[in-house]
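Structural description and commentary
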Amino acid sequence: DFAKVRRGLTYTPMDCEKRGIRVLRSSNIEEDRFVLHDDDVFVRRDAADIPPVKVGDILITSANGSSQLVGKHALVEGVTDGGVVHGGFMLLATSPESVFLNATMSASWYRNAVASVMMGGNGALGNLGQELLETMMLFAPHCKTERDKIGSLFGSVDTLMASREAALEKLRSLKKAMLEK
């Protein structure tokens, strides 16, 4: 009831080009944060035959060689309308309450649920089925106002963590430069 989930674009190397439609992959999620990279994959516009990703969607890794990365997620932000799709090893959850939903997916119940049903093993590609997310039970406050407050609180914490991480990275760079001199 909280979200619609859909699988991503399957494409071939022949579909790739320097510019075009950006394809989001697992590398676009770093510690529950959405990031864009200069070396992201781009495909021809006519190869991107799925609905585009929108700001506020939740990007989820559904398959990966490392089972620890399956299920990682991030709230999409900073993309242009129609210029981005998600890749075949990704799922996209669209919800009117995406901030709340993304925040709850950072809790241990989500990680435990993903680990308990993940397919793969013995060198196989870890895989999170779309059906699991569509049928997963989410315990949430009945009141939408309370869900909005919870989402807002954890969104603020995520923003604070990101700014602190950026400041820490600047200090690391400064330290490195000073040590080199």
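Residues numbered from 1 in each chain as written. Predicted model: local features only at pLDDT ≥ 70, side-chain atom pairs only at ≥ 80, totals over all residues. Heavy atoms only, no water.

On to helix α2 (residues 108-117). All of the buried residues in α2 are Y110, A113 and V114. All buried residues of α2 lie within an arc of 95° about the axis, which places them on one face of the element. With respect to the buried face of α2, the exposed residues turned more than 90 degrees away are S108, A115 and S116. In the core, the buried residues of α2 are packed alongside β6 (58-61), β8 (73-75), α1 (98-104) and α3 (130-135). (Buried < 20%, exposed > 50% of the residue type's maximum accessible area, 1.4 Å probe, protein only. Helix = DSSP H or I, 4+ residues; strand = E, 2+ residues; numbered from the N terminus. Arc of directions from axis to C-beta. Contact = heavy atoms within 4.5 Å.)

Our focus in this paragraph is the packing of aromatic side chains. In total, this model carries two aromatic pairs according to the counting rule given. Ring geometry for F2 and F100: centres 5.9 Å apart, planes at 40°, overall tilted. A residue pair is termed long-range when its members are at least 10 positions apart, and F2 in the segment before β1 (4-7) and F100 in helix α1 qualify at 98 residues. Pairing W109 with Y110 gives two aromatic rings, centres 6.1 Å apart and planes at 80°, and the pair type is edge-to-face. By relative accessible area, which is 30% here, W109 ends up partly exposed. (Phe/Tyr/Trp six-rings, centres within 6.5 Å; stacked < 30°, edge-to-face > 60°.)

With that out of the way, let us pick up the sheet that holds β6. What holds strands together in a sheet is hydrogen bonding between their backbones, with the strands either parallel or antiparallel. The four strands lie next to each other as β1-β10-β6-β8, forming an open sheet whose pairing is antiparallel. Every interior strand has two partners, whereas the edge strands, β1 and β8, have only one. Taking each pair of neighbouring strands and ignoring which way they run, the sheet shows an average axis angle of 20°. Pairing geometry for β1 and strand β10 (residues 90-94), over four bridges, is antiparallel. When the sheet's bridge partners are listed, V5 is paired in β10 with A93. (Pairing = 2+ DSSP bridges. Axes fitted to C-alpha atoms, helices over the stretch in contact; angles between N-to-C directions.)

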